[in-house]
Amino acid sequence: MDTNRIYDMLIVGGGPAGYTAALYAARAGLDTLVLEKLSPGGQIALTHQVDNYPGFEEGIDGFDLGMKMQAQAERFGAKTAFAEVYSLELEGQIKTLETSEGSFRGRTVVIATGANPKELGIEKEAQLVGRGVAYCAACDGMFYRGKTVAVVGGGNSAAADALLLSRVAKKVILVHRRDTLRATQIYHKPLLEKENVEFCWNSQVEELIHGDKLQAIRLRNTQTGEQTLVECEGLFVSIGRKPATELVKGKLPLDEAGYVIAGETTETGVPGVYAVGDVRTKPLRQVVTAVADGAMAVAMAEEYLAGREG
Amino acid sequence: MAAMNINKNQFEQLLQGSKPVLVDFWAPWCGYCRRIGPAYDALARELGQSLEIVKLNIDEEPRLAQAEGIEVIPTLILYKEGKAVDSIVAPESKARMERFIEEALAK
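Nothing here was measured: the structure is a model prediction, and the numbers come from that model.

Draft legend 1. Fine view of the interface of chain B and chain A. At the junction of the two partners, chain B supplies 22 residues and chain A supplies 24 residues. Together, the buried faces of chain B and chain A total about 2000 Å²; carbon and sulfur atoms form 60% of this surface. Three residues, B:Trp29, B:Arg34 and B:Arg35, lead the burial of chain B against chain A; their summed loss comes to 38% of the area buried on that side. Counting across the interface, chain B meets chain A through four salt bridges. A salt bridge links B:Arg34 to A:Asp61; the shortest N-O distance between them is 2.7 Å. Counting across the chain B and chain A interface gives six residue pairs in polar contact (both at pLDDT 80 or more). Elements supplying a minimum of two residues to the side of chain B that touches chain A: helix H2 (31-47) and helix H4 (94-106) of chain B. Tallying contributions element by element places H2(B) first for the side of chain B that touches chain A, with eight residues.

Okay, structure coming up:
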């Protein structure tokens, strides 16, 4: 990486979308730099097994898949900087990114910052992270071996987390604000058959009770208003995701939920700036749709760069 | 060079040395520990001259991990003159780890 150089493409975020853009860009002969603050893979880096990315019939570890995507892009000359981006200047022909590793300039910018777990937004939540409150069952589940834990949420990731935790924890309490799961059917049966999984329907978490660590949660029934105290040492929050778009707020058009408004072409409201993967408005957020975006952004960027030269 | 994984004896020896020591307490089953791996190794390459940057598998040394008060991993602890001066849990970026090191060294 080189702070004096003007890159053809700067890619913010090294998840599947970002590294697929890097792969296509490098193969198209574009001088390409990925800015990743930690390690490749994005959200799948914390998934032990990815079973819906074609070509790996036995599934593949998410972290390994991320590392492979990076290695593949780098084989064709793409570079990576372990850089945290602090601000972006996206207008004009040369765009500038201020980062922890210096400032980088590029002719095009691909926003591939992805999404992060949503928080409950209740008191003491942030304070208790790592002391009972967790957002990743695959990461922190092992600390709750033989203990009682609660999972909040009703979608696929909540169901998967509850299932994973049921193999480790003594008891799993699934807390959902509706009376049925939104998760796809494939999760329902195994979950209902587990003897150590209990359900608290029509409930939401009102309060976290703790000493040094989490001790219990107070639930409120959304129908009756009745409150109950549930003892648990762990609370896994699995209520969906929010886009990582703080950096581009006010610089790119965002929708109400904060996603960058961009269609299938991945073009944003600013020429030469593309949004790929989970950060973009789209009906299905999956690795396969993220990688498709990465390829598309490069096709559009090539056209944009050619048009500017012509 | 990647950050070396050490055992209890090596840990005790390093703490007696003159250089500050940064230890990443980790375990093979911890997903986030793997995530910080590439950036942690980059730090070991960049700052290895002035600082010992190592890793310690808590499954291999459970008693040491307990003695050091490890309850969540990954936990990074910086030791100066044999004493823990500061720690950080699950840092979100390489830049965050750099800030932590800088601040801990200044303490």
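Draft legend 2. Layout of the packing of helix H4 (residues 156-166) of chain A against helix H5 (residues 185-193) of chain A. All names here are of chain A. Where H4 contacts H5, the axes come no closer than 10 Å and their chain directions differ by 30°. Of the two elements, H4 crosses H5, and the hand of that crossing is left-handed. Contact with H4, carried on its side by Asn156, Ala159, Ala160, Ala162 and Leu163, involves Tyr187, Pro190 and Leu191 of H5 and no other residues of that element. Taken together, the residues that form the contact of H4 with H5 break down as seven nonpolar, one polar and no charged.

Draft legend 3. Region of interest: the sheet that holds strand S5 (residues 83-89) of chain B. All names here are of chain B. With mixed pairing, the five strands of this open sheet are ordered in space as S1-S3-S2-S4-S5. Either end of the sheet is taken by a strand with one partner, and the two such strands are strand S1 (4-5) and S5. In terms of strand pairing, strand S4 (residues 75-80) meets S5 through six bridges, oriented antiparallel. Looking across to S5, one finds that Lys80 is bridged to Lys83.

Draft legend 4. Spotlight on the nonpolar core. Residue and element names in this part refer to chain A. Ranked by size, the top nonpolar core spans 32 residues in total, and within it Met9, Ile11, Ala22, Tyr53, Met69, Val110 and Tyr274 carry the most contacts. Counting residues per element, the ones that place at least two in this core are strand S1 (6-12), helix H1 (16-27), helix H2 (62-75) and helix H6 (287-309). With nine residues, H6 is the single largest residue contributor to this core. What Ala22 contacts, discounting residues up to four positions off in sequence, is Ile11, Thr32, Val34, Ala73 and Ala78. Leu97, Val248, Val273 and Val279 belong to the second largest nonpolar core, which has 22 residues in total.

Draft legend 5. Representation of the pairing of strand S15 (residues 234-237) of chain A. Residues and elements named next belong to chain A. Here S15 shows a buried face lined by Gly234 and Phe236 and a second buried face lined by Leu235 and Val237. In terms of strand pairing, strand S8 (residues 133-134) meets S15 through two bridges, oriented parallel. Bridge pairing in S15 places Val133 opposite Leu235. Pairing of strand S9 (residues 148-152) with S15, which is carried by four bridges, proceeds in the parallel orientation. Counted as the bridge partner of Ala150 is Leu235 from S15.

Draft legend 6. How the structure looks around the packing of H2(B) against H4(B). All names here are of chain B. Contact pair H2 / H4: the axes reach a minimum separation of 10 Å and the direction vectors enclose 45°. Between H2 and H4, the crossing angle belongs to the class labelled oblique. Read as a crossing pair, H2 and H4 show a hand that is right-handed. Every residue of H4 that contacts H2 at Ile36, Ala39, Tyr40, Ala42, Leu43, Glu46 and Leu47 is listed here: Lys94, Met97, Glu98 and Ile101.

Draft legend 7. Quick peek at H4(B). The terminal C-alpha atoms of H4(B) lie 19 Å apart, and with 13 residues this matches the ideal 18 Å at 1.5 Å per residue to within 8%. Three or more residues of H4(B) are buried, namely B:Lys94, B:Ala95, B:Met97, B:Phe100, B:Ile101 and B:Ala104. If you follow the buried residues of H4(B), they end up packed against strand S4 (85-89) of chain A together with strand S2 (21-26), H2, S4 and S5 of chain B.

Draft legend 8. Geometry of the state of the cysteines. In the structure shown here, the tally under the stated rule is one disulfide over all chains. Between the sulfur atoms of B:Cys30 and its disulfide partner B:Cys33 the distance amounts to 2.2 Å. Residues B:Cys30 and B:Cys33 are joined through a disulfide that is right-handed, its torsion about the S-S bond being 90°. The residues B:Cys30 and B:Cys33 share a single accessibility class, namely buried. In this model A:Cys200 remains outside any disulfide bridge; the closest cysteine sulfur is found in A:Cys232, 9.8 Å from its own. For A:Cys200, a relative accessible area of 18% translates into the label buried.

About the thresholds
- Residues numbered from 1 in each chain as written.
- Chains lettered and ligands numbered in written order.
- Predicted model: local features only at pLDDT ≥ 70, side-chain atom pairs only at ≥ 80, totals over all residues.
- Heavy atoms only, no water.
- Contact = heavy atoms within 4.5 Å.
- Buried area = accessible area lost by both parts, 1.4 Å probe.
- Salt bridge = Lys/Arg side-chain N within 4 Å of Asp/Glu carboxyl O.
- Polar contact = N/O pair within 3.5 Å; in protein donor to acceptor, adjacent residues only side chain to side chain.
- Helix = DSSP H or I, 4+ residues; strand = E, 2+ residues; numbered from the N terminus.
- Axes fitted to C-alpha atoms, helices over the stretch in contact; angles between N-to-C directions.
- Left-handed = near helix turned anticlockwise from the far one by under 90°.
- Nonpolar A, V, L, I, M, F, W, Y, C, P; charged D, E, K, R; others polar.
- Pairing = 2+ DSSP bridges.
- Core = buried A, V, L, I, M, F, W, Y, C linked by side-chain atoms within 4.5 Å.
- Buried < 20%, exposed > 50% of the residue type's maximum accessible area, 1.4 Å probe, protein only.
- Parallel < 35°, antiparallel > 145°, perpendicular 65-115°, else oblique.
- Expected span 1.5 Å × (residues − 1).
- Disulfide = S-S within 2.5 Å.

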